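# Survey of secondary and tertiary structure
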Amino acid sequence: MTLSIEVKQLQLKYGSFTALHDVSFQLEGGKIYGLLGRNGSGKTSLLSILASYREQSKGSVAIGGEAPFENAGIMEQVCFIQESGYMNDASRVKDVLKLAASCWPNWDADYASRLIKHYELPLKKKVTSLSRGMKSALGVTLGLASRAPITIFDEAYLGMDAPSRYSFYEELLNDYMETPRTFLLSTHLIEEVGTLFEEVLILDQGRLILHEETETLRARGAAITGSSESVDRFVEGLTVLGEQKLGKTKSVTVYGELTDEMRKRAQAEGLELGPVSLQDLFVHMTKKRGDGQ
Amino acid sequence: MFDDRSPIYQQIADKIKDDIVSGVLQEDEQVMSTNQYAAFYRINPATAAKGFHLLTEEGILYKKRGIGMFVSGEARQTLLAQRRDRFFEEVVDQMLEEAVKIGVPVTDIIGHIEQGKRRDGE
Amino acid sequence: MSGKRKHPVLNVTDHVMYSYRWTIIGYWIVFLMIYIGIGILLNSNMIMDEDIDKVGVWEGASVSPKIFLLVIGILMTPMSLASFVSNGITRRHFVLGVSVSIAAFSAIFGVIMTAGYPVEQLIYEQNNWPLELRNPHLFTSTSQVGWIFFEYFCLFFTYFGSGWLIGTGFYRFDWRIGVLITLVALLPSFAMEVLLSSDWMGSLMQSVLEVQRTPLAALVLLALLILGLIILMNYMMLRRVAIKKKTF
């Protein structure tokens, strides 16, 4: 089952602070989505609203066409896992799993035991006594085994060491291919997970600045290097994300489709066209003026 | 694996093309499925599918419904022809351009190539 | 996928009761041992004090379980709400599930209290100790099992509920408003004590203030109203509450 997610003019305020400004997007579901944003950009706020952890101040959310907040039929389809989690710290791992098993309609007990074995989760220990990596592994286990039609990992895997993280990516991908569902991952480790995303959303200071297919995004970034004058002439009218200067040479990162004609023109002018990584695009797009160069 | 720079589906398509040209993938041989590709390279299956789609559009792969993707009969020839065309445009022309820029006469280049050939022949 | 799943409300009840099972069993073991000890001490002339009445101790035993349930109640929202909502349970189902748990706990406690009377009677009769009810209750004889149970059930429920309101108040608001809510939260328990006029409150109401007991039918209705009100007040505070990460 795939559930669509439709967010319209979403706003969230904490007192006088506005965490989300007028965010709108539509996800058709059944894909792996990446939500990128710097710390404090509003990622967790947005995901919390999708998971009905809190209610928006303004605007609307529809999951499968219905408002999710306090909607039992929708809430049991959306599993939201955060790194440090909302589990009861005083419970034992075994009891946390037992609760999850009784709550999620699609809970896959076999899959859960496989993951428990894989991550070597100590069932009898209390959640408080787990290491950060183990807590993350427990979160990942809950999220994957929930088989919830919408499963959200909010940097849930950051506490794991690199080998465990990679095994999580593999696990996620395999599970997604076996039983397609919607995954929504927030992260700033773009290099690592970027290849998993079919679509990417970028939040910056509470605003959605981009929602694009990952591959399109990759194709749209370009670094143009050459003499200052010709670079300036070439990028006129393009969206410039950032620029660097070294003597008379200038390198400008632009975002947008470069037509064949433009590519030829660049070649004719002796400009070098290079690709830009997702991570670089993200950094450029979310750079604040005060961050310096 | 992937350089995270140019579109990954493009890189996948290029890898498959390389395999066909070098003979690793034979004509009418079945190609790994998109899911196998995705799992192997740890990429989104939709991305792999996009690369495959590109190749079917170019006539390099064809689809057998319910079975999978196969290398077209003329794939290798097509690709070789393409590469030959591109060879002069992308390799030779650019080399000559560079030679002119740094002042290497064309005769020197030809001389160098023939020397190399003779050495290979020995 | 799974065909038969428990209703979320009952699922909440199940998990709440499961989480506190050992706490409660442990509590009763200690509590009963202490009370049996007191009864024996008072009546076996080990304490030679003329001023202490050597009568039944059980009717005054409900203070401790009331406070115990109040404390468990305070823990309810801060300890469990986040973990239920993060498992896809709505706040409404949480409130209802906790309400059912409170009813179940109060019933268990009520049954133990009720059962205590005949047990006490048996012990006293065998030892030829004098036994009488000294304070006013809804019941006048230890054989009125229904009323004994009802009295304790209502009292335990409201104390548990008051605790729950306190915890919910602190969860929902900052500590200043939380403190104010604490005062309001104790009102239902106070009201229930006045209404039922049992034990020390009964003595106060009937002997000192000379207030007549409300007719039983109205009393039952009012008691149920207070219980309903507790649930409603919790729901009003929690229905739109944002889930916080750590509370303790």
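I will try to describe carefully the structure that is included in this document. Worth saying up front: this structure is predicted, and the values here are computed from it rather than measured. (Residues numbered from 1 in each chain as written. Chains lettered and ligands numbered in written order. Predicted model: local features only at pLDDT ≥ 70, side-chain atom pairs only at ≥ 80, totals over all residues. Heavy atoms only, no water.)

### Concerning the sheet that holds strand β2 (residues 17-27) of chain A
All names here are of chain A.
- Taking strand neighbours across the sheet as the criterion, the three strands line up as β2-β1-β4 in an open arrangement whose pairing is antiparallel. Whereas interior strands pair on both sides, the edge strands pair on one side only; in this sheet they are β2 and β4 (58-63). This sheet shows a mean twist of 20° between the axes of neighbouring strands, independent of strand direction.
- Of the pairings in the sheet, the one linking strand β1 (residues 5-14) to β2 comprises seven bridges and is antiparallel in character. When the bridges of β2 are listed, Leu12 appears paired with Leu20.
- On top of the sheet, helix α1 (residues 43-50) reaches β1, β2 and β4; it is set at about 120° to β1, its chief contact. (Pairing = 2+ DSSP bridges. Helix = DSSP H or I, 4+ residues; strand = E, 2+ residues; numbered from the N terminus. Axes fitted to C-alpha atoms, helices over the stretch in contact; angles between N-to-C directions. Contact = heavy atoms within 4.5 Å.)

### Description of a nonpolar patch on the surface
Residue and element names in this part refer to chain B.
- Taken together, Met95, Leu96, Val106 and Ile110 make up a surface patch of nonpolar side chains, about 310 Å² in accessible area.
- Tracing the sequence through the fold places Ile110 in helix α5 (residues 106-121).
- Note on Ile110: relative accessible area 45%, which makes it partly exposed. (Patch = residues over 30% accessible without salt bridge, like charges linked within 9 Å, V, L, I, M, F, W, Y side chains within 5 Å. Areas by Shrake-Rupley, 256 points an atom, 1.4 Å probe, with all protein chains shown as cover. Salt bridge = Lys/Arg side-chain N within 4 Å of Asp/Glu carboxyl O. Buried < 20%, exposed > 50% of the residue type's maximum accessible area, 1.4 Å probe, protein only.)

### Concerning the interface of chain A and chain B
- Taken together, the contact pairs 23 residues of chain A with 17 residues of chain B.
- For the pair chain A and chain B, the summed buried surface comes to about 1,700 Å²; carbon and sulfur atoms form 52% of the total.
- Taken together, the links from chain A to chain B amount to two salt bridges.
- The salt bridge involving Glu170 of chain A is made with Arg42 of chain B; its shortest N-O contact spans 3.0 Å. (Buried area = accessible area lost by both parts, 1.4 Å probe.)

### What about the environment of Glu213 of chain A?
- Mapped onto the secondary structure, Glu213 of chain A falls in strand β9 (residues 207-213).
- Taking the C-alpha atoms as reference points, Glu213 of chain A and Glu269 of chain A, 56 residues apart in sequence, are found 31 Å from one another.
- The residues contacting Glu213 of chain A, other than those within four sequence positions of it, are Glu198 and Glu199 of chain A together with Lys50 of chain B.

### Here's the deal with the environment of Gly73 of chain C
Residue and element names in this part refer to chain C.
- In this structure, Gly73 sits in helix α3 (residues 63-85).
- Along the primary structure Gly73 and His137 are separated by 64 residues, whereas in three dimensions their C-alpha atoms are 25 Å apart.
- Those residues in contact with Gly73 that sit more than four places away from it in its chain are Phe160, Gly163 and Trp164.

### Points about the arrangement of the chains
- In this assembly two pairs of chains touch, with chains A and C having more contacts than any other pair.
- Separated without contact, chain B and chain C have their nearest C-alpha atoms at a distance of 25 Å.

### Regarding the sheet that holds strand β12 (residues 249-255) of chain A
Residue and element names in this part refer to chain A.
- Read from one edge to the other, the open sheet built from four strands follows the order β11-β12-β10-β13, with strand pairing classed as antiparallel. Each having just a single partner strand, β11 (239-246) and β13 (272-275) make up the two edges of the open sheet. Pairs of neighbouring strands in the sheet enclose a mean axial angle of 20°, with direction left out of account.
- Judged from the seven bridges that link them, strand β10 (residues 221-227) and β12 form a sheet pairing that is antiparallel. By the bridge assignment, Ala222 is partnered in β12 with Val254.
- Together, β10, β11 and β12 form the strand contacts of helix α9 (residues 228-235), whose direction differs from that of β10 by roughly 145°.

### Some remarks on the interface of chain C and chain A
- Contact residues are listed per partner, giving 27 residues for chain C and 27 residues for chain A.
- Summed over both sides, the interface of chain C with chain A buries roughly 2,600 Å², with 49% coming from carbon and sulfur.
- For the pair chain C and chain A, the number of links is two salt bridges.
- Between Arg240 of chain C and Glu55 of chain A there is a salt bridge; the shortest N-O distance is 2.7 Å.
- Our count for the chain C to chain A interface comes out at 10 residue pairs in polar contact (both at pLDDT 80 or more).
- Those elements giving two or more residues to the side of chain C that touches chain A turn out to be α1 (8-19), α3 and α4 (91-127) of chain C.
- The element contributing the most residues to the side of chain C that touches chain A is α3 of chain C, with five residues. (Polar contact = N/O pair within 3.5 Å; in protein donor to acceptor, adjacent residues only side chain to side chain.)

### Comments concerning unusual backbone geometry
- Positive phi, normally seen in glycine, also occurs at Gln9 of chain A, with a value near 40°.
- Note on placement: Gln9 of chain A falls in strand β1.
- On the basis of relative accessibility, which here comes to 51%, the residue Gln9 of chain A falls in the exposed class.
- Even without a glycine there, the phi angle at Arg42 of chain B is positive, about 55°.
- Along the polypeptide, Arg42 of chain B turns up in the loop between α2 (34-41) and α3 (45-57).
- Taking the relative accessible area as the measure of exposure, Arg42 of chain B reaches 17% and is therefore buried.

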